[in-house]
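# Structural features, examined
Here are the chains, one letter per residue:
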Amino acid sequence: VFPTQIIELNNGDYAVSGYGYSEKTTNPVPFLSRISSSAELIYTKTYPEIGLSSSFDMFENEKGDILMYGQVYGFGKGAEGGDPFLLKVNSQGEYR
């Protein structure tokens, strides 16, 4: 995995995002890890459904959801330089 961003969440946990590889594809895909305030790994998720892409930044909204955004390649103009994506996940890292 290649982290590009880390933020502290409202409850004291940390979220780390970037790009990595999943068992489903050999292309880089966005990932999200959540680490407790006591430095225990809660989860690491990859999102191969997004396609060849990387996550650039993220933030937590007032409901505790994490919104990641970045660039996806291979669709539309993405084949030439990348299209933006926005991914919203809940506190367990699942799509919303």
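Report on the accompanying structure. Because the structure is a prediction, the values reported are computed rather than measured.

Cut-offs used in this document
- Residues numbered from 1 in each chain as written.
- Predicted model: local features only at pLDDT ≥ 70, side-chain atom pairs only at ≥ 80, totals over all residues.
- Heavy atoms only, no water.
- Salt bridge = Lys/Arg side-chain N within 4 Å of Asp/Glu carboxyl O.
- Helix = DSSP H or I, 4+ residues; strand = E, 2+ residues; numbered from the N terminus.
- Pairing = 2+ DSSP bridges.
- Axes fitted to C-alpha atoms, helices over the stretch in contact; angles between N-to-C directions.

### Brief notes about the pattern of salt bridges
As enumerated under the stated definition, the model contains 3 salt bridges in all. Between E94 and K45 there is a salt bridge, with the nearest N and O atoms lying 2.5 Å from each other. Separated by 49 residues along the polypeptide, E94 in the segment after strand 7 (83–89) and K45 in strand 4 (residues 41–46) bring together distant segments of the chain.

### Structural notes on the sheet that holds strand 7
Overall, antiparallel pairing links the 3 strands, which are arranged 5-6-7 in an open sheet. Strands with a single pairing partner mark the edges of an open sheet, and in this sheet they are strand 5 (53–60) and strand 7. Strand-to-strand twist across the sheet, computed as the mean angle between neighbouring axes with direction ignored, equals 25°. Two elements, strand 6 (residues 66–72) and strand 7, share 7 bridges in a ladder whose sense is antiparallel. Note that in strand 7 the partner of G70 across the bridge is F85.

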